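A look at the structure
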Amino acid sequence: MEDDPDLQFLLSGAGLVKVRSSSWKKTRFFKLQEDCKTMWHESKKTLRSKQTFSVEDIDSVRSGRQTEGLKKYTEEALDPRVFSILFKGRRKNLDLIANSEGEAKHWVSGLEKVIFNLSNLSHWIYNCLRKADINCDNKMSPQELINFLHDINIEVDDEYVQMLIEKCDQSKCGSLEGEEIQHFYEILTQREEIDVIYGAYAKTEGMLSAANLLDFLQKEQKEQVDLSYAAQLIEKYEVDETGHYSLSMTKDGFLMYLHQPEGLIMNPAHKRVYQDMQQPLNHYFISSSHNTYLMEDQLKGPSSTEAYIRALMKSCRCVELDIWDGSDGEPVIYHGYTLTSKILFKDAIKAIKEYAFKTSEYPVILSLENHCSVEQQKLMAHHMTSILGSALVTKPLGDHMPTELPSPEDLKRRFLIKGKRLNKLEEEDCRDDEEESEKNLSGKSKTLKLAKELSDIVIYCKSVKFQGFEHAQTHQAFYEMCSFKEGDAFKFAEKSAFEYIHHNVDKLSRIYPSAFRTDSSNYDPVPLWNAGCQIVALNFQTPGPEMDLNQGLFGQNGLCGYVLKPSYLRDKASEFDPITLTRGPWLKHKELHVMVISAQQLPKVSQKMASVVDPLVRVEIHGVPADETEKETRHIQNNGFNPMWNENFQFDLYVPELALVRFVVEDYDAVSNNDFIGQCTVPFTSLQNGHGNIHNMWKNGLQHFVHFTVHSFQLL
């Protein structure tokens, strides 16, 4: 990228107007530092020590007026010149105005290129080498090599560094330059485990012929494929012309294959929608958010339309809106009776409409927590019908009276409203009340708590109070649904799992966190999925094991936000009980064998120079109680760059369709709790047999680039 005009612009820097409010818009100078991974910016607060941020902390860059702040505080005419930098975690966005449209394009394009290249192992190492060359003489002294190795997360002693220099120093000058540095790089990035596998199968003049590759695919990957498939892989991933000509795969081509979807631990077929999407909504687990508008805690944190955008971009398909009367007649969203900030209801609906179907075409449920007066409820209904338009479901689908909920396929790109609905008697009272008011303006009329206009757009998700399983079976219609607070839901899942499962076969259930979780923490969703609960709402703004499991479950099926429940959670005749595990078709004993092989480029937990991780890997099984267990490797001392474990584990699973496999990497600490480095969660049914890679691990709810290699296979 050295000659790239966008990069050169970032390195030179330019003035940008930083936007915080309608009255706070100030020009600051921004530039990319020479390490190509740190942004420096001018600050008028001279006492502030930190005037930089890492490019690695950027989640995304959005051009145009796409954030709440820019929409509120800038004019539409500025759209070509404005952009926003969105950070990982809870850090506030940077809303910026460039001097011209051209400069805005340089900033956005340049930052996107730098972010992409930082995820590339070779480019990352190159930048670390440049940074380590303190005196810029294009040579690497022993001390500079030690600094470089610290930067890439390897702790070594002076003797090892001297050994590396002697191995690469052809000029015998005590330092490395030119091709010697290239040789050093090749030693550093050598993948011993790949060399072993490649050497075992490369039987044709030191390369993998199509027949050799087929042998590997059938024996190691357990794939039922033929010779033509192996030949297609060579044509697709071989990087050497000689290999293409001889239809053979070099080691570089083999490594390229392992880093592609075919070589990942997750079945690539499950990366797209592969399940039947034409069953009733109640037959699916649905990715769901609680108090979606909050960016932080439940007491004083900010509310923002950005929170809805982030949840929807993660394929959340049920979002919550907590609506109260606004002082100027416009309904607002916030956590009532707290110090959380407020946003306009109509702004949230606009954001939801714009982002609802960017990652998934399947329906979005708007769960209304309605605290408004009748007048402002009418305005709510008006905003939803006018903004969402024909995408809003306002009447049952089809020409006949339905007897079950429609399917996700039937409802593609549609919005459903979950809320209360007037019964027929209340509707009559509503009409009578309106007529009485027209005839006698001075007369007092009956006080209604629900506007008919709002009631009329609740079609398939009518909120009703739970009055027991027996009452629900005889009195609750298919379009009526109950919400359960966390404590009640867990009690039912543990003590009345059989009845709860039968309730959830043909009715939707929504679970929400306890009111005592003021820090926006989450509960374990797995026991509730085991009981067939569809809408298990979590605080999406709070990363942790619970959200890891949620992202793991919904990472399959094309990230569409809907996952088909196993057949025994959809069948009224089912006798499945996740606690007692009575015999039935759900008992499918499987052995999972996992070999944790190696990792590359693990991030540092601390950015201090002397900090190098001691990584270990834990493999966890989450599912029915009989399946839940965990096992972990030893820790590798002082090596986060290319640790190797080569450790084998075996797990016995009895209900594999409900099992999630979570790979956790931690920095070992002998005197305190281990530090979390990253994790990846995959449904057991989506695991791919054989040698597989994990390229991205999740930390704080966001992806980090990591190479992580395991070998897994399943036995009946």
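Refer to the structure presented above.
Computed from a prediction, not measured in an experiment: that's the story for all the values here.

**A few points about the nonpolar core**
Of all hydrophobic cores here, the largest spans 73 residues; its most connected members are L321, L366, M384, F415, Y500 and F576. A total of six residues in this core trace back to one element, the largest contributor, which is helix α14 (residues 345-355). For M384, the contacting residues outside a window of four places in its chain are F345, I349, L366, L368, G389, L392, I417, L454 and I457.

**Structural notes on the packing of aromatic side chains**
Taken as a whole and assessed by the stated rule, the structure comprises 29 aromatic pairs. Ring centres of Y284 and Y562 lie 6.2 Å apart, and the angle between their planes is 85 degrees; on these two criteria the pair is classed as edge-to-face. Of the two residues, Y284 sits in strand β12 (residues 284-289) while Y562 sits in strand β22 (residues 562-564), which places them 278 residues apart along the sequence. The pair formed by Y284 and Y562 is uniform in burial state, with each residue classed as buried. With a centroid separation of 5.6 Å and an interplanar angle of 70 degrees, the aromatic rings of F492 and Y500 are classed as edge-to-face. Ring-pair connections join several aromatic residues into one group, and the members of that group are Y198, Y201, F216, Y237, F254 and Y257. In this structure, R20 packs its charged tip against the face of W24, placed 4.3 Å from the ring centre. The side chain of K342 reaches across the aromatic face of Y334, ending 4.7 Å from its centre.

**Observations regarding helix α5 (residues 142-151)**
Within α5, eight of the 10 residues are buried, leaving the element largely enclosed by the surrounding structure. All of the buried residues along α5 are E144, L145, I146, N147, F148, L149, H150 and D151.

**Digging into the environment of R130**
Along the chain, the position of R130 falls in helix α4 (residues 121-132). Judged by relative accessible area, R130 falls into the partly exposed class, the value being 32%. Spatially, the C-alpha atoms of R130 and E34 are 8.6 Å apart, while their sequence positions differ by 96 residues.

**Points about the environment of E144**
Topologically, E144 is positioned in helix α5. E144 gets classed as buried once you look at its relative accessible area, which sits at 7%. Sequence separation between E144 and A132 is 12 residues, and the spatial gap between their C-alpha atoms is 5.5 Å. Not counting residues within four places of it along the chain, the set of residues in contact with E144 comprises A132, D133, I134, N135 and K139.

**Some points on the sheet that holds strand β6 (residues 82-87)**
One open sheet holds the seven strands; their spatial order is β4-β3-β2-β1-β7-β6-β5, and the pairing between them is antiparallel. Looking at strand neighbours, the two that pair on one side only are β4 (52-54) and β5 (58-63), the edges of this open sheet. The average undirected angle you get between the axes of adjacent strands in this sheet is 30 degrees.

**Thoughts on the pattern of salt bridges**
Counting across every chain of the model gives 30 salt bridges. With its nearest N and O atoms 3.2 Å apart, the salt bridge here joins R510 to E320. With R510 in strand β20 (residues 509-512) and E320 in strand β13 (residues 318-324), this residue pair connects regions lying 190 residues apart in the sequence. Per residue, the accessibility class of R510 equals that of E320, and both read buried. Through salt bridges with shared partners, a single ionic network connects D548, R618, E620, E630, E632, R662 and E666.

**What to know about the environment of G199**
Positionally, G199 belongs in helix α8 (residues 192-201). By relative accessible area, which is 44% here, G199 ends up partly exposed.

Conventions adopted
- Residues numbered from 1 in each chain as written.
- Predicted model: local features only at pLDDT ≥ 70, side-chain atom pairs only at ≥ 80, totals over all residues.
- Heavy atoms only, no water.
- Core = buried A, V, L, I, M, F, W, Y, C linked by side-chain atoms within 4.5 Å.
- Buried < 20%, exposed > 50% of the residue type's maximum accessible area, 1.4 Å probe, protein only.
- Helix = DSSP H or I, 4+ residues; strand = E, 2+ residues; numbered from the N terminus.
- Contact = heavy atoms within 4.5 Å.
- Phe/Tyr/Trp six-rings, centres within 6.5 Å; stacked < 30°, edge-to-face > 60°.
- Lys NZ or Arg CZ within 6 Å of the ring centre and 35° of its normal.
- Pairing = 2+ DSSP bridges.
- Axes fitted to C-alpha atoms, helices over the stretch in contact; angles between N-to-C directions.
- Salt bridge = Lys/Arg side-chain N within 4 Å of Asp/Glu carboxyl O.

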